[in-house]
Amino acid sequence: MVDKPRGASVANMTDPVSWLQIEQGWNVVGSDGVSVGVVAQVEGDKQSDIFDGLAIESRQPAEILYVPGEQVGAIYPSEVTLKIASADTGTLEPFRAPPPETKWLPEQAPVATRISNWLRGKR
């Protein structure tokens with residue numbers, strides 16, 4: 001991580017990056033430049049490039065909050081800026097992990113049935 005001069009933000013030193021590059025542990029700052037916590041988890045669908053939001057470990061009080069994607073501003077290497085001020089992070093909801101997905105796969109016919117169908121020319 002690059003040390004930044006006192007009073008300088010990452011935004012003044014680098015170009016913005018995609019949400020796909022956000023990593024756990026990145027600093028999260030409010031629109032007023034005050035640090036509010038660190039990234040705990042990124043929520044979204046990488047294959048479809050759909051960003052849902054962030055779970056952040058807040059500093060005061062220590063808890064994990066959910067920041068909807070609409071509230072995320074500019075993203076820089078090692079720092080995510082919010083569109084809300086640090087004082088307004090108290091209005092954010094606690095993070096709740098999405099329920100696990102269950103995928104139902106079609107069953108295959110038993111081997112004997114598949115061989116019988118193959119021998120009879122059915123597929």
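Residues numbered from 1 in each chain as written. Predicted model: local features only at pLDDT ≥ 70, side-chain atom pairs only at ≥ 80, totals over all residues. Heavy atoms only, no water.

Caption draft 1: Here's a closer look at the side chain of Glu43. Note that Glu43 resides in strand β2 (residues 35-45). Reaching out from Glu43, the side chain makes a polar contact with the side chain of Gln41 at a distance of 2.3 Å. Residue contacts for Glu43: discarding those within four places in its chain leaves Phe51, Asp52, Gly53, Tyr66, Phe95 and Pro98. (Helix = DSSP H or I, 4+ residues; strand = E, 2+ residues; numbered from the N terminus. Polar contact = N/O pair within 3.5 Å; in protein donor to acceptor, adjacent residues only side chain to side chain. Contact = heavy atoms within 4.5 Å.)

Caption draft 2: Structural context of the nonpolar core. If you look at the biggest cluster of nonpolar residues, it comprises 16 residues, and the most contacted ones within it are Ile22, Leu54 and Val80. When contributions to this core are tallied by element, the ones reaching two or more residues are β2, β3 (50-58), β4 (64-68), β5 (72-76) and β6 (79-82). When residues no more than four places from it in sequence are discounted, the contact partners of Leu54 are Ile22, Val39, Gln41, Val42, Leu65, Tyr66, Val67, Val72 and Val80. (Core = buried A, V, L, I, M, F, W, Y, C linked by side-chain atoms within 4.5 Å. Buried < 20%, exposed > 50% of the residue type's maximum accessible area, 1.4 Å probe, protein only.)

Caption draft 3: Examining the pairing of β3 more closely. Bridging between β2 and β3 involves eight bridges; their strand directions are antiparallel. Paired with Gly44 across the bridge in β3 is Phe51. Hairpin connection, β2 to β3: the antiparallel pair is bridged by four residues, and Asp49 has positive phi, about 55 degrees. Note that β3 and β4 share five bridges and pair antiparallel. Each bridged residue has a counterpart across the sheet, and for Ala55 the counterpart in β4 is Tyr66. (Pairing = 2+ DSSP bridges.)

Caption draft 4: Spatial organisation of unusual backbone geometry. A positive phi is found at Asp49, a non-glycine position, where the angle reads about 55 degrees. Tracing the sequence through the fold places Asp49 in the loop between β2 and β3. Assessed through its relative accessible area of 49%, Asp49 is described here as partly exposed. Non-glycine residue Ser78 carries a positive phi angle of around 75 degrees. Note that Ser78 resides in the loop between β5 and β6.

Caption draft 5: Expanded view of the pairing of β5. Inspection of the sheet shows β5 paired to β6 by three bridges, in the antiparallel sense. By the bridge assignment, Ile75 is partnered in β6 with Val80. Between β5 and β6, which pair antiparallel in sequence order, lie two residues; one of them, Ser78, sits at a positive phi of approximately 75 degrees.

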